[in-house]
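Fold and geometry: a report
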Amino acid sequence: MTGPTDPAAPTALSAPPTPAAQEPEGTAPLPAPGDADAESRTRRIRGIRRALTAVAVLAAGVIATAALNSGSRHGYLDPRTTDPFGSHAVAELLKERGVTTRVVTTAREAADAAGPRTTLLVTDPDRLGATQRGVIRSAIDLSGGRTVLLAPSSHSLPDLSPGAHTAGAADTEHPDPGCTLPAATSAGRADTGGGLRYRTTLPGATACYPSSGDPTLLVLPTGPTGGDTVLLGSETILLNESLADEGNASLALQLLGSRPNLVWYLPSLADSDPDTAPSDEDKSLLDLVPAGWSWALLQLFVAAALAALWRARRLGPLVTEKLPVAIRASEATEGRARLYRKADARDRAATVLRAATRERLAALVGVPHTQAHDPAALAPAVSARLTGEPRDVTALLFGTTPSDDAALVALADHLDALEREVRTS
């Protein structure tokens, strides 16, 4: 017989007690080993699912809002777009008449494609930066073809057509031709109003479709090569939705179809100078955002702020920290100069001085940034701005390395004097 102290005795007293008998009344059962980790993983998975669901709902709301509020201004003045504010209809009519339309998005492409048998249409001149306006102006003077500028304002007009200036907004939407230009007389009344009016004192100019005494369509002779420039105060005659109104189709076809080739220039945001100073007539950032996206961005910002507040965690108290020491620009320049001097790197110092001067001079004399380091392009343009004794600009800007420190200092002085003379010329 086994004693009661024997733990192996298979008696009823050795049966495992139930949880209710093992734990005090009113307490929850203790989790088994590993249950805490499983519960933590479950909570994390649920949190991730909720976050993904919120992001999906937010994205769907943004897309729906943008789709509902985007309107019909997609592809504005784009000859490939059939929307009401596109220009596919006029491009198709020109194609039927044997005119080939080519779409470009940069000023360099537009200038390269210009020629005596080409019409260059610039749909948004005010978006061009100073460098791009200079490229287009050179193409206007040298191409011998026709250039059509749509609604250029005082921001771009002085560079693209120096002999003309704006005269305010037009107050007549459907003016009569009021001139002897064949394209205008055969088209009759057209939607050239609703935009800008222009004035000029240049000889040989043809003023059409007057509003309050000033034309909304101005044709100017350009350069000695026989080309012309057309200033059109409103782009309405080129839109799909209004092409069939009044004499819009006839006027558009005659203005754009006088040459067998049409270059349709749609300036992009990337085709503007980042340092171009804004003017009163520059478009703001909100004007450049497509319709509907402003509300979508606002909703996205509010949702992001709410999500940040929801997921924010309490941080500790603010701790002050010493920031890095600020160094004056002049001290940094002097330190770099001492390093050049210590390394006897006159060649590197002279190269940096000349390269910086060439880039600033190129902007002053109208040479494209890509040709700022080309002696054949920069040196003649700079020499033309000098009024004093003739100097070897090429040797100064592209010469050899100074032989000693005194020659390097003299080079810096001469470069400063050259830039100062060009700025004041």
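Structure first, text after, so check above.
Quick summary incoming for the structure in this document.

Reading the values: the criteria
- Residues numbered from 1 in each chain as written.
- Predicted model: local features only at pLDDT ≥ 70, side-chain atom pairs only at ≥ 80, totals over all residues.
- Heavy atoms only, no water.
- Phe/Tyr/Trp six-rings, centres within 6.5 Å; stacked < 30°, edge-to-face > 60°.
- Axes fitted to C-alpha atoms, helices over the stretch in contact; angles between N-to-C directions.
- Helix = DSSP H or I, 4+ residues; strand = E, 2+ residues; numbered from the N terminus.
- Parallel < 35°, antiparallel > 145°, perpendicular 65-115°, else oblique.
- Left-handed = near helix turned anticlockwise from the far one by under 90°.
- Contact = heavy atoms within 4.5 Å.
- Nonpolar A, V, L, I, M, F, W, Y, C, P; charged D, E, K, R; others polar.
- Buried < 20%, exposed > 50% of the residue type's maximum accessible area, 1.4 Å probe, protein only.
- Pairing = 2+ DSSP bridges.

All right, on to the packing of aromatic side chains then. Scanning all chains against the criterion turns up one aromatic pair. The interplanar angle of 35° and the centroid separation of 5.9 Å between the aromatic rings of Tyr76 and Phe85 together place this pair among those described as tilted.

A few words on the packing of helix 3 (residues 88–96) against helix 8 (residues 248–256). Running from amino to carboxyl end, helix 3 crosses helix 8 at an angle of 60°, the nearest separation of the two axes being 10 Å. In terms of orientation, helix 3 and helix 8 fall into the oblique class. The two elements helix 3 and helix 8 cross, and the hand of that crossing is right-handed. For the pair helix 3 and helix 8, the contacting residues are Val90, Leu93 and Leu94 in the first and Ala252, Leu253 and Leu256 in the second. Taken together, the residues that form the contact of helix 3 with helix 8 break down as six nonpolar, no polar and no charged.

This next bit is on the pairing of strand 9 (residues 261–265). The element strand 9 is extensively covered by neighbouring structure, given that four of its five residues are classed as buried. In the sheet, strand 1 (residues 100–104) pairs with strand 9 via five bridges, with the strands oriented parallel. Across the sheet, residue Val104 finds its bridge partner in strand 9, namely Tyr265. Strand direction decides the pairing type here: strand 2 (residues 118–122) and strand 9, joined by five bridges, are parallel.

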